[in-house]
Amino acid sequence: GSSARTARARPSGAPTPAMALEIKPETLKFPFELRKQIRCDLFLRNAGSTAVAFKVKTTAPKKYCVRPNIGIVAPGATVEVQVIMQSQKEQPADLAACRDKFLVQSVETTAAEASQLDASTFQKAEGKTIGESKLRVAYTTPAMPPTVSEEGLASPMATPAGRAAANNGGGGATYDND
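All of these numbers come straight from a predicted model, not from anything done at the bench. Per chain, the residues get numbers from 1 upward, laid out in the order the sequence is written. Only residues with pLDDT of 70 or above have their local features reported here, since the model is predicted, and side-chain atom pairs are shown and tallied only from 80 upward, although totals for entire chains, interfaces and linings are computed over all residues. Here the side-chain values reflect all heavy atoms present in the structure, with hydrogen atoms and water set aside.

**A look at the overall build of the protein**
As a reminder of what qualifies: We count a stretch as a helix when DSSP gives it H or I for four or more residues in a row; a strand needs E for two or more, and each element gets its number in order from the N terminus. Three exposure classes are used, based on accessible area relative to the maximum for each residue type with a 1.4 Å probe and protein chains only: buried under 20%, partly exposed in between, and exposed over 50%. Areas reported here follow the Shrake-Rupley algorithm with a probe of radius 1.4 Å; residue values treat only the protein chains shown as occluding.
When helices and strands are tallied, the protein shows two helices and nine strands. For the protein, the sequential pattern of α-helices and β-strands runs α-β-β-β-β-β-β-β-β-β-α. Looking at the protein as a whole, 31% of its 178 residues qualify as buried. Surface exposure of the protein reaches about 11,600 Å², of which carbon and sulfur atoms provide 51%.

**With respect to the sheet that holds strand E1 (residues 21-24)**
Worth spelling out the cut-off: In this scheme, strands are said to pair when DSSP sees at least two bridges between them. Angles here are taken between N-to-C directions and fall from 0 to 180 degrees, while the axes themselves are lines fitted to C-alpha atoms, restricted in helices to the stretch in contact.
In space, the four strands of this open sheet follow the order E1-E3-E7-E5, with antiparallel pairing throughout. Each having just a single partner strand, E1 and strand E5 (64-67) make up the two edges of the open sheet. This sheet shows a mean twist of 20° between the axes of neighbouring strands, independent of strand direction. With four bridges joining them, E1 and strand E3 (residues 38-46) adopt antiparallel strand pairing. In the strand pairing of E3, Lys24 is matched with Phe43.

**Concerning the pairing of strand E2 (residues 27-31)**
Every second residue of E2 is oriented toward a common face, the buried set being Leu28 and Phe30 and the non-buried set Thr27, Lys29 and Pro31. Alignment of E2 against strand E9 (residues 131-140), held across five bridges, turns out to be parallel. Note on E9: the bridge partner recorded for Leu28 is Val137.

Listed below in structure tokens is the structure:
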């Protein structure tokens, strides 16, 4: 018979390392413009009581620059990570539904400095829990007025710029099968 109890039982109320690191936003939004570097900030907050090491990976490493891409978040602290999309010479084929993704790995650490972290820090091992949070990328149209709050927008179709973008092939995009 199979036991209902899991081998990695934790004392009740103890947060798992994955839960200790709060990552905002879950979707990185880049107001896409040709031939421009575009920055989006990621905030990693450690809600736990022990230091958490993090590492940021992406499915498109040539397209994005991540600073810092590895580091430590002290208990109760927040670290700002800059994600910079390199200047693109042409409009991406997946502009309507970007397939780029980021992975934030996190693990409890006793290290005091990022220089003490290495590849083994994030390797899976017995008794070590590595949190993995997947983040999506979305392109937005830079034509949106910055004064409108996200809550105030019913949909991008509500603005003339949004309607123009939708009529421009944004809605009925065709995908090439690789």
